[in-house]
Amino acid sequence: MLDHDRLELDATLENIPRFRAFVEDACACGGASTDDCFAIKLAVDEVCTNIIEHGYGPDHHGAISLTVEISDGEIRVAVVDNGRPFAPEEAPVPDVEAPWQDRPIGGLGWHLIRKMVDDIRYQTDGAENRLTLVKKFAETSGPGNEQERKNGCDD
Amino acid sequence: MDVTIEQQGDVSVVSVAGSIDALTSGQLTQAFEEQIEAGQVSLVADFSGVDYTSSAGLRALLGAMKSSRTRGGDLRLAGIRSDVFRVLEMSGFTSILKVFDSVDEAIASFNS
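Along the backbone of chain A there are 4 helices and 5 strands. Helices (α) and strands (β) of chain A occur, in sequence order from the N terminus, as β-α-α-β-β-α-β-β-α. When each of the 155 residues of chain A is scored for burial, the buried share is 37%.

Any two packed helices are characterised by how steeply their axes cross, that is the angle between the axes, and by the distance between the axes. Residue and element names in this part refer to chain A. The interhelical angle for the contact between helix α1 (residues 16–29) and helix α2 (residues 34–56), taken along N-to-C directions, is 150 degrees, at an axis separation of 9 Å. It follows from the interaxial angle that α1 and α2 lie roughly antiparallel. With respect to the hand of their crossing, α1 and α2 are arranged in right-handed fashion. Seen from α1, the contacting residues are Ile-16, Phe-19, Arg-20, Val-23, Glu-24, Cys-27 and Ala-28; seen from α2, they are Asp-36, Cys-37, Ile-40, Lys-41, Val-44, Asp-45, Cys-48 and Thr-49.

So, about the nonpolar core. Core analysis: the largest hydrophobic core is formed by 73 residues, its most contacted members being Val-23, Ile-40, Ala-43 and Val-44 of chain A. At 12 residues, α2 of chain A tops the list of elements feeding residues into this core.

Residues and elements named next belong to chain B. Taken together, the 5 strands give an open sheet; going across it, the order is β1-β2-β3-β4-β5, and neighbouring strands pair in mixed fashion. In this open sheet, the two edge strands, each paired with only one partner strand, are β1 (2–8) and β5 (98–100). For this sheet the average axis-to-axis angle between neighbouring strands, irrespective of direction, equals 25 degrees. Here 7 bridges tie β1 to strand β2 (residues 11–20), and the two strands are oriented antiparallel to one another.

What follows covers helix α2 (residues 55–69) of chain B. Across its 15 residues, α2 of chain B extends 21 Å between first and last C-alpha, which sits within 8% of the 21 Å expected from 1.5 Å per residue. Taken across its 15 residues, α2 of chain B has 12 buried, putting it largely inside the fold. Every buried residue of α2 of chain B is accounted for by Ser-55, Ala-56, Gly-57, Leu-58, Arg-59, Ala-60, Leu-61, Leu-62, Ala-64, Met-65, Ser-67 and Ser-68 of chain B. Of the surrounding elements, those touching the buried residues of α2 of chain B are α2 and α3 (109–116) of chain A together with β2, α1 (25–37), β3 (42–53) and β4 (74–78) of chain B.

A word on the environment of Gly-39 of chain B. Note that Gly-39 of chain B resides in the loop between α1 and β3. Placed 29 residues apart in sequence, Gly-39 of chain B and Ser-68 of chain B show a C-alpha to C-alpha distance of 9.2 Å.

For the rest of this paragraph, the subject is the pairing of β3 of chain B. If a strand is regular, its side chains alternate between the two faces of the sheet. Residues and elements named next belong to chain B. Of all 12 residues in β3, 9 are buried, a share of seventy percent or more. Considered for its hand, the β-α-β crossover made up of β2, α1 and β3 is right-handed. The pairing of β3 with β4 spans 5 bridges and is parallel. Looking at β4, one finds that Ala-45 is bridged to Leu-77. At this point the chain moves from β3, through α2, to the parallel β4, and the crossover so formed is right-handed.

All names here are of chain A. Looking at the secondary structure, you find Phe-137 in the loop between β5 (129–136) and α4 (146–150). For Phe-137, a count of 20 C-beta atoms within 10 Å translates into the label buried. Distance from Phe-137 to Gly-30, taken between C-alpha atoms, is 9.9 Å for residues 107 residues apart in sequence. In this view, Phe-137 contacts Ala-32, Ser-33, Asp-36, Gly-73, Glu-74 and Ile-75; residues no more than four positions away in its chain are not counted.

Attention shifts here to the interface of chain A and chain B. Contact with chain A, which involves 21 residues of that partner, is made by 18 residues of chain B. If you list the elements that add at least two residues to the side of chain A that touches chain B, you get α1, α2 and α3 of chain A. Tallying contributions element by element places α2 of chain A first for the side of chain A that touches chain B, with 6 residues. When the residues that make up the side of chain A that touches chain B are grouped by side-chain class, the tally is 10 nonpolar, 4 polar and 7 charged.

What counts, and at which threshold
Residues numbered from 1 in each chain as written. Chains lettered and ligands numbered in written order. Predicted model: local features only at pLDDT ≥ 70, side-chain atom pairs only at ≥ 80, totals over all residues. Helix = DSSP H or I, 4+ residues; strand = E, 2+ residues; numbered from the N terminus. Buried ≥ 20, exposed ≤ 12 C-beta atoms within 10 Å, placed from the backbone. Axes fitted to C-alpha atoms, helices over the stretch in contact; angles between N-to-C directions. Parallel < 35°, antiparallel > 145°, perpendicular 65-115°, else oblique. Left-handed = near helix turned anticlockwise from the far one by under 90°. Contact = placed C-beta atoms within 7 Å. Core = buried A, V, L, I, M, F, W, Y, C linked by C-beta atoms within 7 Å. Pairing = 2+ DSSP bridges. Expected span 1.5 Å × (residues − 1). Right-handed = clockwise from strand over helix to strand, strands pointing away. Nonpolar A, V, L, I, M, F, W, Y, C, P; charged D, E, K, R; others polar.

Below, the structure is given as structure tokens:
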């Protein structure tokens, strides 16, 4: 079973699909359902996009590293960056029942993150930010099955 | 992500295939804006080829919906896959956007 894996890439929007694919593959190899893997993939996308667009912003370059751990029926993805710190509790809560005329365009990223995962942990020392997303899942298939071998899970 | 546009009478069908995220959503926004600026305000987004959207896709949809409605038109969705539907539903979009199983039904809704 995959217990641990890590990916570090430049914090650019061009790398967002690679961050997603990395998390989705790790999640599938861990035996989670496609629904659960979609959820954690989306949450990681939103976090990485926020770091790229707001944490580093257009004037700073940096990296994002993802570390995936799967055990005890949960997947934990730690997202580490060195951009501007941002505490998740500061993200405004949108009104998703408002009439269309009153809906602002944007501001749904953190809403989706909160909906998609079971726990969000955040630490920063001002220089390095570590946000951990936790998604609980019911294992739907044991590791090492045919589909997972096709996906290269034994590597 | 690929975007293609086809005119069906007075309706512009914007067919999208692939993943919509912060990298690709600008292309979708631009496609909608070009239609609306050309006076084509009755829009159907065919999402049957969309396997993923982040909140960036929601921004593109809401912007086009507001822009078309304020000009007397609308943006309606067709063929949404279950994962993408879940994202729309969680964000409260299924209560403000008209959603149809097929493109034909979405087009017909403009004529009814």
